Every structure is written in structure tokens, then in C-alpha cells.
Amino acid sequence: MSYNVREHSYVVGGLGVTGQACVRFLLQKQATVKAFDTRANFTLVTDPDSDLDTDMQAFMAEKVTCTALSEDYFDGVDTLVLSPGLALNIEQVALAQKCGVEVIGDVELFARLNASTSDATPAKRVVGITGSNGKTTVTLLVNHLLKSCGVKSIEAGNVGRPVLEALQSDADVVVMELSSFQLETTSSLVLEAATVLNISDDHLDRHGTLEAYIDAKHRIFDNAKSAVVWRDGEFVAPYEQLITDAKGIAASNAVSDGESNAASNEESLASKNIVEYGLGESTTGLAIASFDGDDEQSLYITFKGEKLIALSDIHLAGMHNVLNIMAALGICLQLGVSPALAVKHLHSFKAAPHRCVEIARVNDIRYIDDSKATNIGATVAALEGLAPTIQGKLILIAGGDAKGADIASLSPYLTKYVSHVFALGKDAHLFEKSFAHTTRVATMKDAVKAATRLAAPGDVVLLSPACASLDMFKNYMHRGDVFKQDVHDLLNLHSQSDDAVEATS
């Protein structure tokens, strides 16, 4: 069934980047639209390449409401497009639903329009990536590998580009990063491949329970044609029993003439459109295996037991990034690009900032910016991923707004991997309660100074906060930039040449 925006009347809820992109799109399509925002003040995001800025200025002046809404506000309105930054339980949403207004997000609007394309303008193929951690890295990596292999693709969604912009692009494939907030208001998005990379406590201040958070994440599988699944992960399969059942069928069907269970397993998983990956050995999907080299055994990423790339040749830091690479290769496979071809372009990928990026190395002390670690799971991934690569101590800078998460659950990992924590921000006291070797500091500069005094050659100073940043900073990017600046100021790196500094960035 076709979907025509001119046949609907819209309210856009929330006028951040996503909300403003929705308004621009609907104005361009000559739809009936107005908007509300819960803030009294917000900034118009200008678009120098658009002819709509004059229209947007007029719209902002005439059709935006920042005061309380009444029922008659929704007269004649059939659709509320809610920005992901606004929760479903706010009073404006309740009022809209009382008035019979359907509540969707921009991803759902994308899905409906993408399904309404014609032979002249075929639907874009879409892959969806979600998870508590690593989804931006995987989204950018998939897009990079596809483009390098000749596929006309574009990244969109939670990664930064609004999905409606991707809809209007000339790309054939949209690589979509999807947050739990976006998935809550999405119901008909058809995906060539979907993945939930991992699940850990996050956004419980919004979702209320871990179960509700998992349910939101799993909406990504509702209309997916295939799944890419971490075989050792919890709550990441499209159905809890799906892979277990597939393996059970494979085992029961194993023939007696010597054919291995592994071959039957692979056939069964393939029939269910699942690609598995993980850090153990396996002849199915993507895995890790050791092979004899010139001097010693070397570890490789494998696909169906065949070598793809040596771990020593991967430039992304940490074993968690090995998992990210596997997930990306699995998604490329579902779009017809073989892992053997895709992996050839891994070396040219540049990781996004603030995600386990080394920003300085002085006197053999490494400073790593993982400011994007805004939840416990992300910090655990960084600790577990980096620990095998560190010769000396790991000194952690953490803290901020824990968003209701249980920082005590981080305690075993701190005990195992970390020599000392310097904690700052709103919930710094929770780290003191959870780990004896914790010192509370007032500022990032204080944390950097204290960590540097404690560090010795071979050590790593890691900013991986396990918390949100808004209690002290504009966002996690600002937090990472402040960390980098404080490190460079303390170590007098600003007086060195740009090449010297960037060599470790």
C-alpha cells in the first residue's frame, strides 16, 4: 500500500536535529505540518545547501509551540512524528494518543515511504545495527567496506545523518544505526540484515527495566530478512531458542558416514538466515583460529574455517573491535559482499573519534580516549579489549551521570583489570563505593594530572567513563576533547609539530 505524506497531517514533536530534518522533509513534500518542543529555547540547524531555510525560519516563527498543549491542538492531525530524544510517556504524547493520533518516529516514516517506491525509483536496501556498545563503529565500518567494494551506500540514523536525508540520496543501500529510542517508535522497517551487537544495562532511567530495554532493541528483528548474531552474547539472538534449535536439528541430522555435525550445523543456520560470529574457534560463520606461522602460531579471523586476516594486522585497538569487525563482515555478506573481499579494505578504515582512540604516547605511557563509553557495558568492553594488549597498569578515568545503572556491577572488572580509578562528576561517589582504589577528583584536568603522576612506562591512562557526560560537559565529544586538551597541555604536546601529535591520534 502506497504512503503519500500529502494525505496526512503531521505534528513533529521535538525540534533537535532529527525533528528539524523531519520538518524540512515534510515542507519539501508540501505536507501539512506543525511542531512543538518541550524547551523554550532551541537553535535552528542551518543547511547551506537547502533552499528551505527561508521556509524553516518562517515555520519556526509561526508554527512552533513551546507551551502546554490542549486537545484542540491535535484537531485534524493524524500523525505525531516524535523525536527520539522525547520519551513516549510525556504528557504531549498521552494527549495525542487520547485524540486518536498515531505516534511514530522518523525511522518509521522512512520505512513507510521506502516501501512505497515504484519501479522507476526502487526501494533502498537497508541494514540495521543496534546494541549497547559499538554500533557507531560497526555502522561506519559497514558503510566503508561496502563503498570500497563498489556498493553505493550511505550511513544514517543514530550515527548522525537523519534517515530522511538518506531516503533522498542516490544510495542503493542505507546502513542504519538504530538506538532503542528510535526502535520504540518503529514497526514496519524492512531490513536485509539486522544485528543486536550486545546488551548491557543502559538507559534504564528511560526504559525502567532491562527487560523493557531488551524488548526495544529486539524490535530491530521484527521485519528483518536475516540476522547477524554474536554466538557468545546474551539477549542478542532474534529469538532465544533460534540458534539452539538450529544446532539441535543439525546434530540430530548428522549422518553416520562421517559427515561432521559442523557441516549440518552450518546448513541449518544458513536455512534460518543467521550468520554467527565470535572469538572462539568454529567452522561456521566468523571465528578465531590459530595457524602455524614462520616463528609461532598466529591468530586469524576466519570465515567457515578459512583465514581472512591476522589479528596482528588489525589496527583497531582491543578484542571488542575484533567482534565489531566480524559483525561488519557478516552484514556485508548478507548484502552479497564476501568477507574475503570486504576484509581487504579494512586497513583504510579510520575509527570514529572518542572510541578507544590513542590520543598521546609520552615516555611509553599511552593515553586513550574512550569518552563514547557512556554506559557500564562500553567500559567493560574497553577494559576486556585493552587488557590483553597492556604491559603495565591500567589507570581509569571514569564518572559522570550513571543514568540509574548499577555501578557496583562494574566492580569485578575494576578489580581484575584496573590499578586505580580517578572518578569525577555527579556519580563519582558510586565508584568510591564500588572500588577501593578510587580517588574522587573535581575536574578532568585534576584527573589527568593525578593519573599521570601515578603512571609509569608501559601503563595506559584510559578515559572510559561508564556514564553520560551532560552533568559536566555538552556531550561525550566535548568530554573527550577536554581530556585530549588537558593531556596535551600537561605534556606540552601543543608545542610539538602537528605531525608528532597526530601520529598518536
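One can find the structure itself at the top, above this paragraph.
Residues numbered from 1 in each chain as written. Predicted model: local features only at pLDDT ≥ 70, side-chain atom pairs only at ≥ 80, totals over all residues. Heavy atoms only, no water.

### Regarding the state of the cysteines
Item 1. What the rule picks out here adds up to zero disulfides.
Item 2. Between C149, a free cysteine, and C332, which holds the nearest cysteine sulfur, the sulfur-to-sulfur gap is 6.7 Å. (Disulfide = S-S within 2.5 Å.)

### Observations concerning the environment of Y239
Item 1. Take Y239: it is sitting in the loop between strand 10 (227-230) and helix 10 (242-252).
Item 2. Remark: the alpha-carbon pair of Y239 and H218, spanning 21 residues in sequence, is separated by 8.9 Å. (Helix = DSSP H or I, 4+ residues; strand = E, 2+ residues; numbered from the N terminus.)

### Some words on the packing of helix 17 (residues 444-454) against helix 18 (residues 476-490)
Item 1. At their nearest, the axes of helix 17 and helix 18 sit 9 Å apart, and the two run at 50° to each other. If you check the angle between helix 17 and helix 18, you find them oblique. The hand of the helix 17/helix 18 crossing is right-handed. The residues of helix 18 that touch helix 17, namely those facing M444, K445, V448, K449 and T452, are R479, V482, F483, D486, V487, D489 and L490.
Item 2. Tallied by class, the residues present in the contact of helix 17 with helix 18 amount to six nonpolar, one polar and five charged. (Axes fitted to C-alpha atoms, helices over the stretch in contact; angles between N-to-C directions. Parallel < 35°, antiparallel > 145°, perpendicular 65-115°, else oblique. Left-handed = near helix turned anticlockwise from the far one by under 90°. Contact = heavy atoms within 4.5 Å. Nonpolar A, V, L, I, M, F, W, Y, C, P; charged D, E, K, R; others polar.)

### Comments concerning helix 5 (residues 135-148)
Item 1. A rise of 1.5 Å per residue sets the reference length of helix 5, with its 14 residues, at 20 Å; its end C-alpha atoms lie 20 Å apart and thus fit the reference within 8%.
Item 2. For helix 5, a buried count of 11 out of 14 residues is recorded, marking the element as mostly surrounded by other parts of the structure.
Item 3. Taken as a whole, helix 5 has its buried residues at K135, T136, T137, V138, T139, L141, V142, N143, H144, L145 and L146.
Item 4. G150 lies just past helix 5 and shows a positive phi near 95°. (Expected span 1.5 Å × (residues − 1). Buried < 20%, exposed > 50% of the residue type's maximum accessible area, 1.4 Å probe, protein only.)

### Re the packing of aromatic side chains
The way to describe two aromatic rings as a pair is by their centre distance and the angle between their planes.
Item 1. Taken as a whole and judged by the stated rule, the model has two aromatic pairs.
Item 2. An angle of 90° between the planes, with centres 5.2 Å apart, marks the rings of Y73 and F74 as edge-to-face. Across the pair, exposure class does not vary: Y73 and F74 are buried alike.
Item 3. Between the aromatic rings of F291 and Y300, the centroid separation amounts to 5.5 Å while the plane-to-plane angle is 90°, which identifies the pairing as edge-to-face.
Item 4. What makes F291 partly exposed here is its relative accessible area of 25%.
Item 5. Above the face of the Y73 ring, K34 is positioned so that its terminal group lies 4.0 Å from the ring centre.
Item 6. Positioned above the aromatic ring of Y300, the side-chain terminus of K307 is 4.6 Å from the ring centre. (Phe/Tyr/Trp six-rings, centres within 6.5 Å; stacked < 30°, edge-to-face > 60°. Lys NZ or Arg CZ within 6 Å of the ring centre and 35° of its normal.)

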